[in-house]
Every structure is written in structure tokens, then in C-alpha cells.
Amino acid sequence: IAVDPFDLVVFGATGDLAYRKLIPALFHRHRDGQIPDVSRIIGCSRRPMTDEAYRKATEDALKKFVPADEREPELVASFLERIFYVAVDATAEKSGWPDLVKVLKEGKDRVRAFYLAVSPDLFGVICEGIGAHGLITPQTRVIIEKPIGKSLESAMALSDTVGKVFKESQIYRIDHYLGKETVQNLMALRFANALFEPLWNAAHIDHVQITVAESVGVESRAGYYDTAGALRDMVQNHILQLLCLVAMEPPSQFEADAMRDEKLKVLRSLKPIVDGMAEQVTVRGQYRAGASAGGPVPGYLEELGRNDSHTETFVSIKAEIENWRWAGVPFYIRTGKRLPSRISEIVVSFKSIPHSIFGASAGSLASNQLVMRLQPDEGVRLWLMIKDPGPGGMRLRHVPLDMSFAQTFKTRSPEAYERLIMDVIRGNATLFMRRDEVEAAWRWIDPILDAWSTSREAPKSYTAGTWGPSAAIALIERDGRTWHEEM
Ligand code: BG6
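Residues numbered from 1 in each chain as written. Predicted model: local features only at pLDDT ≥ 70, side-chain atom pairs only at ≥ 80, totals over all residues. Heavy atoms only, no water.

An unreviewed UniProt entry lists the chain under the name Glucose-6-phosphate 1-dehydrogenase, with Kaistia dalseonensis given as the organism. On record in UniProt, under Pathway (unreviewed entry), the comment for the chain is "Carbohydrate degradation; pentose phosphate pathway; D-ribulose 5-phosphate from D-glucose 6-phosphate (oxidative stage): step 1/3." Regarding the chain, the relevant UniProt record gives this comment under Sequence similarities (unreviewed entry): "Belongs to the glucose-6-phosphate dehydrogenase family." (UniProt positions renumbered as here; feature names shortened; annotations may be inferred.)

Comments concerning the packing of helix 10 (residues 256–269) against helix 15 (residues 435–454)
Remark: helix 10 packs on helix 15, axes separated minimally by 9 Å, with the N-to-C direction vectors making an angle of 15°. Put simply, helix 10 runs roughly parallel to helix 15. Handedness of the helix 10/helix 15 crossing: left-handed. Between helix 10 and helix 15, the contacting residues are Arg260, Lys263, Leu264 and Leu267 on the first element and Asp436, Glu437, Ala440 and Ala441 on the second. Considering only residue class, the contact of helix 10 with helix 15 consists of four nonpolar, no polar and four charged. (Axes fitted to C-alpha atoms, helices over the stretch in contact; angles between N-to-C directions. Helix = DSSP H or I, 4+ residues; strand = E, 2+ residues; numbered from the N terminus. Parallel < 35°, antiparallel > 145°, perpendicular 65-115°, else oblique. Left-handed = near helix turned anticlockwise from the far one by under 90°. Contact = heavy atoms within 4.5 Å. Nonpolar A, V, L, I, M, F, W, Y, C, P; charged D, E, K, R; others polar.)

Comments concerning the sheet that holds strand 6 (residues 171–173)
Read across the open sheet, the six strands follow the order 3-2-1-4-5-6; overall the sheet is parallel. Looking at the sheet topology across the chains shown, the edges are occupied by strand 3 (83–87) and strand 6. Averaged over all adjacent pairs, the angle separating strand axes in this sheet is 20°, with direction ignored. Note that strand 1 (residues 6–11) and strand 4 (residues 111–116) share six bridges and pair parallel. Following the sheet pairing, Phe11 is matched in strand 4 by Leu116. (Pairing = 2+ DSSP bridges.)

Description of the UniProt feature "binding site: substrate" (unreviewed entry) in the chain
What UniProt calls "binding site: substrate" (unreviewed entry) maps, in this numbering, to His176, Lys180, Glu214, Asp233 and Lys337. By the secondary structure assignment, Glu214 is in the loop between strand 7 (205–213) and helix 8 (222–228). Taking relative accessible area as the criterion, Glu214 reaches 18% and is therefore assigned buried. One polar contact links Glu214 to Lys337, side chain to side chain, over a distance of 2.9 Å. Take Lys337: it is sitting in the loop between strand 12 (331–336) and strand 13 (343–350). According to the relative accessible area criterion, Lys337 is buried, its value standing at 5%. (Buried < 20%, exposed > 50% of the residue type's maximum accessible area, 1.4 Å probe, protein only. Polar contact = N/O pair within 3.5 Å; in protein donor to acceptor, adjacent residues only side chain to side chain.)

Points about the layout of surface pockets
Quantified by volume, the second largest pocket comes out at close to 360 Å³. Elements with a minimum of two residues in the lining of the second largest pocket: helix 11 (278–281), strand 8 (282–288), helix 15 and helix 16 (470–477). Residue composition of the lining of the second largest pocket, by class: twelve nonpolar, four polar and six charged. (1 Å grid on protein atoms, 1.4 Å probe; cavity = no way out; pocket = protein on both sides within 12 Å on 5 of 7 lines; lining within 4 Å. Points joined across faces, edges and corners; volume = space filled by probe spheres on them.)

Description of the pairing of strand 13
By the criterion of burial, strand 13 is predominantly enclosed, with eight of the eight residues buried. Of the two faces of strand 13, the one carrying Ile343, Glu345, Val347 and Ser349 and the one carrying Ser344, Ile346, Val348 and Phe350 are both buried. Relative to strand 13, strand 7 runs antiparallel, the two being bridged by eight bridges. Each bridged residue has a counterpart across the sheet, and for Ile210 the counterpart in strand 13 is Ile346. As paired elements, strand 13 and strand 14 (residues 369–375) share six bridges and run antiparallel to each other. Looking across to strand 14, one finds that Glu345 is bridged to Arg373.

Here we look at the nonpolar core
Most often, soluble globular proteins have nonpolar side chains that are buried together. Counting residues in hydrophobic clusters, the biggest one holds 146 residues, and the most contacted among them are Phe11 and Leu100. Counting residues per element, this core draws most heavily on helix 9 (residues 230–247), which supplies twelve residues. Those residues in contact with Phe11, other than ones at most four positions away along the chain, are Cys44, Val88, Trp97, Leu100, Phe114, Tyr115, Leu116, Ala117, Val118, Ile126 and Ile130. (Core = buried A, V, L, I, M, F, W, Y, C linked by side-chain atoms within 4.5 Å.)

Here we look at the packing of aromatic side chains
Counted by the stated rule, this structure contains 13 aromatic pairs. When the centroid spacing of 6.3 Å and the interplanar angle of 65° are considered together, the rings of Tyr225 and Tyr300 count as edge-to-face. Of this pair, Tyr225 sits in helix 8 while Tyr300 sits in helix 12 (residues 300–304), and the two are 75 residues apart along the sequence. What makes Tyr300 buried here is its relative accessible area of 0%. Connected via pairs of aromatic rings, a cluster forms that spans Tyr225, Tyr287, Tyr300, Phe314 and Tyr462. Lying over the aromatic face of Phe84, Arg55 brings its terminal NZ or CZ to 5.1 Å of the ring centre. Above the ring of Tyr177, the side-chain terminus of Lys180 is found at 4.5 Å from the ring centroid. (Phe/Tyr/Trp six-rings, centres within 6.5 Å; stacked < 30°, edge-to-face > 60°. Lys NZ or Arg CZ within 6 Å of the ring centre and 35° of its normal.)

Side note on helix 6 (residues 152–163)
For helix 6, with twelve residues, the first-to-last C-alpha span of 16 Å sits near the 16 Å given by 1.5 Å per residue. Buried within helix 6 are the following residues: Leu152, Ala155, Leu158, Ser159 and Val162. The arc that holds the buried residues of helix 6, viewed along the axis, is 125°, so those residues lie on one side. Contact partners of the buried residues in helix 6: helix 5 (123–132), strand 5 (140–144), strand 6 and helix 15. (Expected span 1.5 Å × (residues − 1). Arc of directions from axis to C-beta.)

Points about the UniProt feature "domain: Glucose-6-phosphate dehydrogenase NAD-binding" (unreviewed entry) in the chain
Taking the UniProt record as the reference, the feature "domain: Glucose-6-phosphate dehydrogenase NAD-binding" (unreviewed entry) is found at residues 9–185. Across residues 9–185, the secondary structure splits into 42% helix and 16% strand, with the terminal C-alpha atoms separated by 30 Å.

Here you go:
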């Protein structure tokens, strides 16, 4: 279904996020006929460039990031007709704002969205420019990306800055994990089926694991990454959001504030990691040289070009939620760069049966697990014990009831940004974070960062291409459990 006509202004239009994610996402929405003809995508950045030159750059990005069989020439041509460019240097006196004002005059009544695909240092000055030049109409929204701050304090300052110009209801804080198909499916699984919710609590669930593993290193982003680290880059946002969706109470509706209220309660119930606990329940690591599928790879410090960084490229945490539903159920989290493969999954492990009637000859009984695979092969698996076929007596086996999205639906699975950008145009904030959520997440993260920064211990080293430091394995095995491995 087509959305309302819009003008989407992308600041940072010549940056990596725009070329790699936003342009391909918008192209796919165009390809599916969702973008009305009069809509425009207006690229803005400092560099002077004509519309033509930016169209050429857009075409190059499509060639690079959209598979050839999805790039029908007539659709590429009609997409490029929607692309415009205005040079705006928000920090300079001769800024280019009047040019943007002129271009936007034409679309006064359309939905207007400003996507700030730039460093957060520029959010303030760009928002001020937008406000000062009278560019905010009743239908205007602003989209911001993480990192939203480096700590609670800086996140609050950033929200104050953006909040001077935009109302909270106009601010869309993107966490692209919320746009992933399986993540939304988690909502469907939990709240559109009668099967799981009665068991979804401490009486029946033993523990939950959330793994977001990447095989890549820090690539060209070492400069940013070294100021962030895995805890800020992945846990504060993506992983805590996943944890919230697993743990929250059923909201009364699938609607922005109902969802965010429930997520906020989970974040506020996270047991603070304070008073020396960080040493016991967190593990941070940094990769050294090793190997990936493509051959030998350098260590983090070599990629960074410095040898004094304590930035973590891996983190594992045993988190706990202090409420009635989850008391005593650990949530084990792990994420890292240069792990053996790109795998993201949520594993809900149910408790063992109270008593086996089958005796030792049936083999050992494993407990039920619900595995939601976010990537690479999206799907859901429910691991059950069943009888091995054959006449040889009662031997039992752990087997998955398997639902692969690719096989079941045989359609292309949309990228997170496709869904999220269209949601902004529709004015649907359900999959975006509210200010109080971001702050509650920082409130839990800050003490861990503090503990690490005062600790004399450096992050534990792990070989690139392995599952992180052995301490991360010990973290879960100490509790008599193991990381789920089913590659
Ligand atoms: C980003 C992080 O938010 O998410 C990156 O900054 C990370 O470091 C990326 O690589 C992972 O996203 P995805 O969608 O590839 O799992």
C-alpha cells in the first residue's frame, strides 16, 4: 500500500549509511510501488554537487548494494527521478539553508522527514538550522540514529538539544534491530499464539540466551568504534531492545506508547550491576590476530593502528530481571566482532521435565528450546524430544520443529530500514525508541562502564574467528548451562 506523498531530506547523504542502507531500502520500497510519484528524496551534505551528480552516486550505490536481478533499468530510472540534492553546511555561515528552504517550498503539504545520518555532534546544529529556517510543518518528523549519547548524561544532553526544536512525538529514534522480520515475529509468536504465553515465565523457563555474533572486524569504522566498544555499540540499544521484547508484559495494543511503556518497565527492572558485581557477571574481550573464513585477519589493535586501546570488541553479560515474571531466570547476552560466523539468535530454554518415565536406555533428555534466528537464515525452531523411528524400542531424540521464513514464504525478506522509514512516513512510532527508554538503558549500562574503567584488568584477549574469551564460556557453564550451538 502506497504511503502518503513525502519529502525525505537525508543529511549525511554521501555517507556510508545513506549509500549502504537508506538508498537501497528506499529503492526497494519504490520497486514495490509504495512511494507516491510526487515524493522526493533530497540528499544534503556539505559537498557541492548537482542533482545529476547525486543521481549518479545513487545509481552507483544501487549497483553496489542491490543485487543485479532486483535492479530493473526502468525502475532504477524512475527511482532516480525522485532524487535531488542540496548542499548544506550546517556549521558554516554560507550554509545553503536558503536553497533547502526553496526546494522544500514545493512540498509544504507533504509529510516531511529529516533523516540525520550524520555524527551526533551535528544533531544540534542541524536541528537548530531546521527550526530557524521555518522548515517544521505540522507533518514534520526527524529521524536519528545511534549512538544516542555515550552515557546517560550525554544521552540526556542530546535529547535536550533535539527536543529544543522537535516535540517528542516528532522524534523517531531508530534501532534497526526492531525492523528485522524475526524481531517483529517474536511479537507475533508471543501474542498471536495461545501456546507460549502461559509458559512464558520463571515457572517454566530456565534461562534465555541472546547472541549477536558478527564475523566481520571493525572494518573502516575503527575511529568511531574505539570510542564506543561493543557494550555501547550493540548492548545498550539492539540487545536490550531484544531483551525487552522477550521479557515485556503483553501490551494492551501493538501501538507505540503501549509497547514502549512495557519495554520501559523491563529496563527499569534490570538488576543493577554494581558493587563489584561486574567482575562476576560481565566479560569483555578484544580480538587478536586469527583467521576468518577468508583467511588470516589482523587483530583489533593492528586495525586500529595503536596498541594502547582497552576498547572491547566482545561482551558477555549475565543479566537478571527483578520482577515476578522473571525472578531467578538469567538472561545471558553475548555479542562480538570477529566471531566464527554471523549469527543472531534468541534462545528460550524451558525447564526440564520433572521426571522421566523412559529409563536410561532411552538416552538423555534435553529440555525444550525455542530458537528465534534473526540472521542469517531467519526462522523459528522449536526443539522437542521425539522417538527415533524404528522398531528398536524407545530411544529419544532432540529434533527441531522447523520454520524457515525463506522456505515458507518464498518471498524476499525486507531489510529493516525499509519497514522503518515507511513507518516514519506513516507516523507510526511503534518500532522506535522513546527518550525514557534510551535513558533507562543507559542507567543500567553506565555502572558497567564505570566498573570497567576503574578496573585494572584489560579486556581478555581472544583469537579472531573463535567464540570470544574462555571466560564467556565459563560465565554460563558456572551455572550448569551451555551456550546454544546449532550452526
Ligand atoms: C550497528 C553497529 O548498529 O549494527 C555495527 O554499529 C554492527 O557495529 C551492526 O555491525 C550490526 O547490524 P546487522 O543488521 O548487520 O546485524
